[in-house]
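Residues per chain are reported as follows:
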Amino acid sequence: MSDRKLPRLLQTPAVLLLLVWMLIPLGMTLYFSFIRYVLNSLRRPEWTTPSPSNWRGFGNYEFVLKSKDFLFAIQNSLFIVCSILILTVILGVLIAVLINKTFPGQGIVRVLLISPFFVMPAVNAVLWINMILDPVLGLQGIAIGSINELFESLRNAPLVGWFFSLWPKLEPISFRATQTSAYAVIIMVTWQWTPFAVLIFMTSLQSEDQQQKEAAVLDGASAWSQFRFLTLPHLARPIAIVVMIQAIFHLSLYAEIEIVSRGNGNKNLPYLIGEFANNNIGAASATGIFAVILANIVAFFLLRMIGKTLME
């Protein structure tokens, strides 16, 4: 047996297992998306069985496209994912550069910064929406109440009282509301995933060429110039990898949306699939195919971006 055939032969079982693991669920989803499959239908009991006789063609896809929440779910998915990526990359780079310096307690600070990444998503959502963002019992409500009390006491102070009398009374934000629940999801997921970006960027900064930075200092380069022309180009590949990995995970967010708003004005494609899956498996499967298409489109552009970055 040739040297080339043996490695391929040894890889064959793993490749076949991976194909079966991927293709069977995808094939079943594709099949269900073309039939009428409803879990509870008293009017048409035959629809409760995934039979080829219930063939519907592209009817499920048409039903999903005409759904009032479909386009909103796509827009909200992209808005949430892009916002989280931008915030985590910016915060990750800044924090990684900051803690890359040597200072007392550096090891403890690094451990504390990374720890939020190990919190379960559901626990993270419950903590943020109840203990921090709640407008009455959360830290937000307590902080705003304290600020209002402070301003109220300063309104009667001599000399500066007129200034504080101009300040309006602050109102806490209800992050469970339709207009703001998406921001709550962005905040809590950014808090949880920024440590992942910090860990990747901090590891990359360990290999930064210090001789270039020393030469830049001798040439009179400012700290901003060093960051812009040396540190950022060095972090280009880690940033591309962080964006790719996080985009894959954030396109499937579900627990945070369920806990924060239960889909009230804040749905993405996975949440819409969950709503359809309560009864209409055909529509849920069609939405799942749309989600796969969206994920592949996003992956295509990200891979092109990462490919260019890695080739530079």
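Up top is the structure these notes are about.
Residues numbered from 1 in each chain as written. Predicted model: local features only at pLDDT ≥ 70, side-chain atom pairs only at ≥ 80, totals over all residues. Heavy atoms only, no water.

Visitor: Got a minute to help me understand the overall build of the protein chain in this structure?
Guide: Scanning the protein chain for helices and strands turns up 14 helices and 0 strands. If you list the helices and strands of the protein chain from N to C, you get α-α-α-α-α-α-α-α-α-α-α-α-α-α. Dimensions of the protein chain along its principal axes, counting C-alpha atoms only, are 80 × 65 × 30 Å. Going through the 312 residues of the protein chain one by one, you find that 38% of them count as buried. Put simply, of all contacts in the protein chain between residues at least 6 apart along the chain, 70% involve residues at least 24 apart. Carbon and sulfur atoms make up 70% of the accessible area of the protein chain, which amounts to about 19,100 Å² in all. If the 21 positive side-chain charges of the protein chain are averaged to one point and the 16 negative ones to another, these points end up 10 Å apart. (Helix = DSSP H or I, 4+ residues; strand = E, 2+ residues; numbered from the N terminus. Buried < 20%, exposed > 50% of the residue type's maximum accessible area, 1.4 Å probe, protein only. Contact = heavy atoms within 4.5 Å. Areas by Shrake-Rupley, 256 points an atom, 1.4 Å probe, with all protein chains shown as cover. Lys, Arg positive; Asp, Glu negative; His and termini not counted. Charge placed at Lys NZ, Arg CZ, Asp CG, Glu CD.)

Visitor: Got a minute to help me understand the pattern of salt bridges in this structure?
Guide: Oppositely charged side chains are able to pair whenever their charged atoms sit close together. This structure, assessed with the given rule, holds 5 salt bridges. With its nearest N and O atoms 2.8 Å apart, the salt bridge here joins Lys267 to Asp69. Taken together, the residues Lys267 in the loop between α12 (255–260) and α13 (269–277) and Asp69 in the loop between α2 (59–65) and α3 (70–99) connect sequence positions 198 residues apart. The burial state of Lys267 is the same as that of Asp69; both residues are buried. With a shortest N-O distance of 3.0 Å, Lys267 and Glu275 are connected by a salt bridge. (Salt bridge = Lys/Arg side-chain N within 4 Å of Asp/Glu carboxyl O.)

Visitor: Whenever I open this one, helix α8 (residues 181–205) confuses me. Can you help?
Guide: Note on helix geometry: an α-helix contains 3.6 residues per turn, so any two residues three or four positions apart are oriented the same way. In this model, α8 (25 residues) spans 35 Å end to end at C-alpha, consistent with the 36 Å of a helix rising 1.5 Å per residue. Of all the bends in α8, the greatest reaches close to 35° and is centred on Trp191; the proline Pro195 follows between one and four positions later. Taking burial as the measure, the 25 residues of α8 include 19 buried ones, the bulk of the element. (Expected span 1.5 Å × (residues − 1). Bend = angle between axes of the 7 residues up to and from the residue.)

Visitor: Before we go on, may I ask you to explain the packing of aromatic side chains in this structure?
Guide: Each aromatic ring pair is characterised by the separation of its centres together with the angle its planes make. In total, this model carries 19 aromatic pairs according to the counting rule given. Geometrically, the ring pair formed by Tyr61 and Phe290 is edge-to-face, given 5.5 Å between the ring centres and 80° between the ring planes. Highlighted residues: Tyr61 in helix α2 and Phe290 in helix α14 (residues 281–311), separated in sequence by 229 residues. On the basis of relative accessibility, which here comes to 9%, the residue Tyr61 falls in the buried class. Exposure remark for Phe290: the relative accessible area of 18% places this residue in the buried category. Seen in terms of ring centroids, Trp193 and Phe196 are 5.5 Å apart; in terms of plane orientation they differ by 75°. Their pairing is edge-to-face. You can see Trp193 and its partner Phe196 sitting in helix α8, 3 residues apart, about one turn around the helix. Look at Trp193 and you get buried, because its relative accessible area is 11%. By relative accessible area, Phe196 is classed as buried at 13%. What links up through ring pairs into an aromatic cluster is the set Phe34, Trp55, Phe58, Tyr61, Phe70 and Phe290. (Phe/Tyr/Trp six-rings, centres within 6.5 Å; stacked < 30°, edge-to-face > 60°.)

Visitor: What should I look at first to understand empty space enclosed by the protein in this one?
Guide: Which parts of space are left empty comes out when a probe the size of a water molecule is rolled across the atoms. A complete count under the given rule lists 1 cavity of 30 Å³ or more for this structure. A volume near 40 Å³ is recorded for the largest cavity. The wall of the largest cavity is formed by Ser77, Ile80, Val81, His250, Leu251, Leu253, Ile257 and Asn268. (1 Å grid on protein atoms, 1.4 Å probe; cavity = no way out; pocket = protein on both sides within 12 Å on 5 of 7 lines; lining within 4 Å. Points joined across faces, edges and corners; volume = space filled by probe spheres on them.)

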